[in-house]
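Letter by letter, the chains look like this.
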Amino acid sequence: LLGGAVMLLLLPPLRPFARLHTPGSAAARRLLHISRNRRKDGLRTVSSQDSGEQTVKGNKPQRDKENYDLSKFPVENIRNFSIIAHVDHGKSTLADRLLEITGAIIKTEHNKQVLDKLQVERERGITVKAQTATLFYSHAGRTYLLNLIDTPGHVDFSYEVSRSLSACQGVLLIVDANEGIQAQTVANFFLAFESQLMIIPVINKIDLKHANPDRVEKQIEKVFDIPKEECIRISAKLGTNIDRVLEAVVEKIPPPRANISDPMRALVFDSTYDHYRGVIASIALFDGLVQKGDKIMSSYTKKVYEVNEVGILRPDQYPVERL
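Residues numbered from 1 in each chain as written. Predicted model: local features only at pLDDT ≥ 70, side-chain atom pairs only at ≥ 80, totals over all residues. Heavy atoms only, no water.

1. Thoughts on the pattern of salt bridges
Working step 1: Counted according to the given criterion, the structure contains seven salt bridges.
Working step 2: A salt bridge links E217 to R233; its shortest N-O distance comes to 2.9 Å. On the criterion of sequence distance, the pair formed by E217 in helix 6 (residues 213-224) and R233 in strand 10 (residues 232-233) is long-range, its members being 16 residues apart.
Working step 3: On the basis of relative accessibility, which here comes to 11%, the residue E217 falls in the buried class.
Working step 4: Owing to a relative accessible area of 26%, R233 belongs among the partly exposed residues under this scheme.
Working step 5: Here the salt bridges share partners, and the residues they tie into one network are D214, E217 and R233. (Salt bridge = Lys/Arg side-chain N within 4 Å of Asp/Glu carboxyl O. Helix = DSSP H or I, 4+ residues; strand = E, 2+ residues; numbered from the N terminus. Buried < 20%, exposed > 50% of the residue type's maximum accessible area, 1.4 Å probe, protein only.)

Here it is as structure tokens:
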């Protein structure tokens, strides 16, 4: 329905597919190498006869791709939010716990920086590229569609943050219980404040030996004028009070304003290119609906494109009938 969606735009077909069937080709050798690596990593699936899902010996469950019917989620049951903070205050760790508790990934001790896909992010333990994931969360007898964007914390990638906030109605402002408010905490707060987004303060790393959440709560109240009673104390590493974060997202962040009967109107806040499928655009859908085969036009370039596929990120790509 809205936000966190993946849209694949049709480009002219490429020819390398035929080479994959040639035993001696370089493409076939690469495909065999990838297959072997996946088996080593324990990502082979074992089918389950009792459910519509498949169990994976890894951290990402292989679900039945036909199960996601987004028409079941009215606009009032949708929440779009980002996680913002200073570098190394625990954004990606919190994102991992949110993915686990909502069932997007299987809970294992190897879940570290699940959304970070670049090699430099894995090596250095930092987030460079904003990443999106769609979560399903049940609260008070209703199921909500939560679209999460994990953003970088380093000042050099602040444009990733501002671009992500344009697709959201609220943010989780993470503050380290040991370090307190730092430079990018203030900078990211004012980015969200100027965008008139709902800001939920979260104090992370309360499990550390020298953590002082009382001092950090006073800092937040003094610097950001947010009552300390609204701060949520968590430990993303241990999973402490993560439920309270999800409850706050559902209760405090407003749903997007949209009308499905209006003409389709969307914001492209991120995109990637796939050599075989073409341009993959992450969009926040503001009005109307979009499905495979639709013709869409860029309001800036006036160029028309045909939609080849639509879907959501869980955090892997899963196609759906329409958004």
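2. With respect to the packing of aromatic side chains
Working step 1: Scanning all chains against the criterion turns up five aromatic pairs.
Working step 2: Ring geometry for F73 versus F136: centroids 5.4 Å apart, planes at 15 degrees, classification stacked. Of this pair, F73 sits in the loop between strand 4 (62-63) and strand 5 (78-85) while F136 sits in strand 6 (residues 131-139), and the two are 63 residues apart along the sequence.
Working step 3: With 4.1 Å between their ring centres and 20 degrees between their planes, F189 and F224 make a pair best called stacked. Taken together, the residues span a long stretch of sequence, with F189 in helix 5 (residues 183-194) and F224 in helix 6 at a distance of 35 residues. (Phe/Tyr/Trp six-rings, centres within 6.5 Å; stacked < 30°, edge-to-face > 60°.)

3. Observations concerning the pairing of strand 7 (residues 142-150)
Working step 1: Of all nine residues that make up strand 7, seven are buried, and the element is covered over most of its length.
Working step 2: By the bridge criterion, nine bridges tie strand 6 to strand 7 in an arrangement that is antiparallel. Each bridged residue has a counterpart across the sheet, and for T134 the counterpart in strand 7 is N147. (Pairing = 2+ DSSP bridges.)

4. Describing the nonpolar core
Working step 1: By size, the foremost hydrophobic cluster in this structure holds 29 residues, and its most contacted members are F81, I83, L94, L98, L146, L172 and I234.
Working step 2: Counting residues per element, the ones that place at least two in this core are strand 5, helix 2 (91-101), strand 6, strand 7, strand 8 (170-176), strand 9 (198-204) and helix 7 (242-252).
Working step 3: Looking at this core element by element, the count peaks at six residues for helix 7.
Working step 4: Ignoring sequence-local partners within four residues, the contact set of F81 consists of L98, L146, N147, L148, I149, C168, G170, L172, V249 and I253.
Working step 5: Counting 18 residues, the second-largest nonpolar core is a separate cluster that includes A192, L197, V216 and I220. (Core = buried A, V, L, I, M, F, W, Y, C linked by side-chain atoms within 4.5 Å. Contact = heavy atoms within 4.5 Å.)

5. Details of the pairing of strand 9
Working step 1: In terms of burial, strand 9 is a largely internal element, six of the seven residues being buried.
Working step 2: Between the parallel elements strand 8 and strand 9, the chain passes through helix 5 in a crossover that is right-handed.
Working step 3: Examined bridge by bridge, strand 9 and strand 10 share two bridges and lie parallel to one another. The partner of V202 across the bridge, within strand 10, is I232. (Right-handed = clockwise from strand over helix to strand, strands pointing away.)

6. Notes on the side chain of T185
Working step 1: Relative to the elements of secondary structure, T185 occurs in helix 5.
Working step 2: Classification of T185 as buried rests on a relative accessible area of 0%.
Working step 3: With sequence-adjacent residues up to four places away left out, T185 is seen in contact with H86, H89, L173, V175 and F224.

7. Examining the sheet that holds strand 10
Working step 1: Pairing is mixed in the open sheet, where six strands are placed in the order 6-7-5-8-9-10. At either margin of the open sheet sits one strand with a lone partner, and together these are strand 6 and strand 10.
Working step 2: Pairing geometry for strand 5 and strand 8, over five bridges, is parallel. Within the sheet, the bridge partner assigned to A85 lies in strand 8 and is I174.
Working step 3: This element, helix 2, spans strand 5, strand 6, strand 7 and strand 8 of the sheet and lies at about 150 degrees to strand 5.
Working step 4: The strands touched by helix 4 (residues 158-165) within the sheet are strand 5, strand 7 and strand 8, with strand 5 carrying the most contacts at an inclination of about 160 degrees. (Axes fitted to C-alpha atoms, helices over the stretch in contact; angles between N-to-C directions.)

8. Structural notes on the packing of helix 4 against helix 5
Working step 1: Remark: helix 4 packs on helix 5, axes separated minimally by 10 Å, with the N-to-C direction vectors making an angle of 25 degrees. On the basis of their axis angle, the class for helix 4 and helix 5 is roughly parallel. In the packing of helix 4 onto helix 5, the handedness of the crossing is right-handed. Residue-level inspection shows S158, V161, S162 and L165 of helix 4 in contact with helix 5, the latter providing N188, L191 and A192.
Working step 2: Of the residues in the contact of helix 4 with helix 5, the class split is four nonpolar, three polar and no charged. (Parallel < 35°, antiparallel > 145°, perpendicular 65-115°, else oblique. Left-handed = near helix turned anticlockwise from the far one by under 90°. Nonpolar A, V, L, I, M, F, W, Y, C, P; charged D, E, K, R; others polar.)

9. Some remarks on the packing of helix 2 against helix 7
Working step 1: With their axes 10 Å apart at the nearest point, helix 2 and helix 7 run at an angle of 85 degrees to one another. Here helix 2 is positioned roughly perpendicular relative to helix 7, judged by the angle of their axes. Here L94, R97, L98 and I101 of helix 2 lie close against helix 7, whose contacting residues are I242, D243 and L246.
Working step 2: Per-class residue counts for the contact of helix 2 with helix 7 are five nonpolar, no polar and two charged.

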